[in-house]
Amino acid sequence: MRLTITLLSVSLMIALSTTAQSLKKYPISNSGCSAYFFCDPGIFEITKSPDSSEVYTAECKTDEQAYGIICIKLKEKIADLQQSEDVMVQYLDFLKTELKIAKAAGYGKGHRLKNSEATRGIIDYWEDQDKDNWKINAWTNGAYIAVMYVYSKKELVETKANLYFEGLRFPGM
């Protein structure tokens, strides 16, 4: 009986470890930033914003949950972090329209990436017109604004989303 339980335990551990996904670090093109993803985001698309800031985007899906990032290397650094956070809020408001967000919980401010006082972060929960559930986390250090998001038709796996959101690295971190 003891041998059977041991074999079942070992089999369960092997099965869980082979299906468990791990985070892997990916450079965000040549931006100087990087992020940890549960899936391969592929090649980042690079575009220019109207003010000539560089915009890097990528997305991947795994286990019915999509992970994406929009990383903006600002053309001109914003020295005042409160002002940078205000610009980030304006960008999130713009994204809500672009992504056809129908409901939002409201911005949660006061977050710090890796407890760094040189960063500001915002979280929010959204629902789009197709009833997809979204969680977003936006970060800034004045030189960059990064919007990380996770969405799914189903309930979001919060633990995985939070691990993903904490995986952003600005240059020098």
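Everything below is about the structure shown above.
These remarks concern the structure in this document.

About the criteria used
- Residues numbered from 1 in each chain as written.
- Predicted model: local features only at pLDDT ≥ 70, side-chain atom pairs only at ≥ 80, totals over all residues.
- Heavy atoms only, no water.
- Helix = DSSP H or I, 4+ residues; strand = E, 2+ residues; numbered from the N terminus.
- Contact = heavy atoms within 4.5 Å.
- Polar contact = N/O pair within 3.5 Å; in protein donor to acceptor, adjacent residues only side chain to side chain.
- Expected span 1.5 Å × (residues − 1).
- Buried < 20%, exposed > 50% of the residue type's maximum accessible area, 1.4 Å probe, protein only.
- Arc of directions from axis to C-beta.
- Phe/Tyr/Trp six-rings, centres within 6.5 Å; stacked < 30°, edge-to-face > 60°.
- Disulfide = S-S within 2.5 Å.
- Core = buried A, V, L, I, M, F, W, Y, C linked by side-chain atoms within 4.5 Å.

1. Examining the environment of tyrosine 67
Within the fold, tyrosine 67 resides in strand β5 (residues 65-73). Along the backbone, tyrosine 67 and aspartate 40 are 27 residues apart, and their C-alpha atoms lie at a distance of 9.7 Å. Not counting chain neighbours up to four residues away, the residues in contact with tyrosine 67 comprise Phe37, Phe38, Cys39, Ala58, Glu59, Cys60, Thr62, Tyr149, Val150, Lys160 and Tyr164. Here the side chain of tyrosine 67 touches glutamine 65 through a polar contact of 2.9 Å, side chain to side chain.

2. Focus: helix α2 (residues 81-98)
The first and last C-alpha atoms of α2 sit 25 Å apart over 18 residues, in line with the 26 Å expected at 1.5 Å per residue. Among all positions of α2, only Leu81, Ser84, Glu85, Met88, Val89, Tyr91, Leu92 and Leu95 are buried. Mapping the buried residues of α2 onto a view down its axis gives an arc of 165 degrees, with all of them on the same face. Residues of α2 that are exposed and point more than 90 degrees away from the buried face comprise Gln90 and Thr97. Looking at the packing, one finds that the buried side of α2 touches β5, β7 (108-111), β8 (120-128), β9 (133-140) and β10 (144-152). The N-terminus of α2 is capped by aspartate 80, whose side-chain oxygen sits 3.0 Å from the backbone nitrogen of glutamine 82. Looking at the residues trailing α2, positive phi occurs at lysine 100, about 55 degrees.

3. Some words on the packing of aromatic side chains
The geometry of an aromatic ring pair comes down to the distance between the two centres and the angle between the two planes. The full count for this structure, using the stated rule, is 12 aromatic pairs. Between tyrosine 26 and phenylalanine 37, the ring centres sit 6.0 Å apart and the planes meet at 80 degrees, which makes this aromatic pair edge-to-face. Remark: phenylalanine 37 occurs in strand β2 (residues 34-37) and tyrosine 26 occurs in strand β1 (residues 24-27); sequence separation between them is 11 residues. Take tyrosine 26 and phenylalanine 37: they sit in the same class, and that class is buried.

4. Let's talk about the environment of phenylalanine 44
With respect to the helices, strands and loops of the structure, phenylalanine 44 is situated in the loop between β2 and β3 (45-48). Taking the C-alpha atoms as reference points, phenylalanine 44 and threonine 57, 13 residues apart in sequence, are found 5.4 Å from one another. Contact partners of phenylalanine 44, with chain neighbours within four places excluded, come to Pro27, Ile28, Ser29, Phe37, Tyr56, Thr57, Ala58 and Ile69.

5. Observations concerning the side chain of serine 34
On the secondary structure map, serine 34 appears in strand β2. Apart from residues no more than four positions distant in its own chain, serine 34 is found in contact with Lys25, Tyr26, Pro27, Ile28, Gly167, Leu168 and Arg169.

6. A word on the state of the cysteines
Applying the stated criterion to the full structure yields one disulfide. Disulfide partner of cysteine 39: cysteine 60, at an S-S distance of 2.0 Å. A torsion of 75 degrees about the S-S bond marks the disulfide between cysteine 39 and cysteine 60 as right-handed. Note that cysteine 39 is positioned in the loop between β2 and β3 and cysteine 60 in strand β4 (residues 54-62), a separation of 21 residues in sequence. Neither residue differs from the other here; cysteine 39 and cysteine 60 are each classed as buried. Cysteine 33 takes part in no disulfide bond, and the closest cysteine sulfur to it belongs to cysteine 71, at a distance of 3.8 Å. For cysteine 33, a relative accessible area of 3% corresponds to the buried category.

7. What to know about the nonpolar core
Counting 26 residues, the largest nonpolar core has Ile28, Phe37, Ile69, Tyr164 and Leu168 as its most contacted members. Mapped onto this core, the elements with two or more residues apiece are β2, β4, β5, β10 and α3 (158-165). It is β10 that provides the largest number of residues to this core, a total of four residues. Sequence-distant contacts of tyrosine 164, defined by excluding residues within four places in its chain, comprise Tyr36, Phe37, Phe38, Tyr67, Gly68, Ile69, Met148, Tyr149 and Val150. Residues Leu92, Ile122, Trp126 and Ile145 belong to the second largest nonpolar core, which totals 21 residues.

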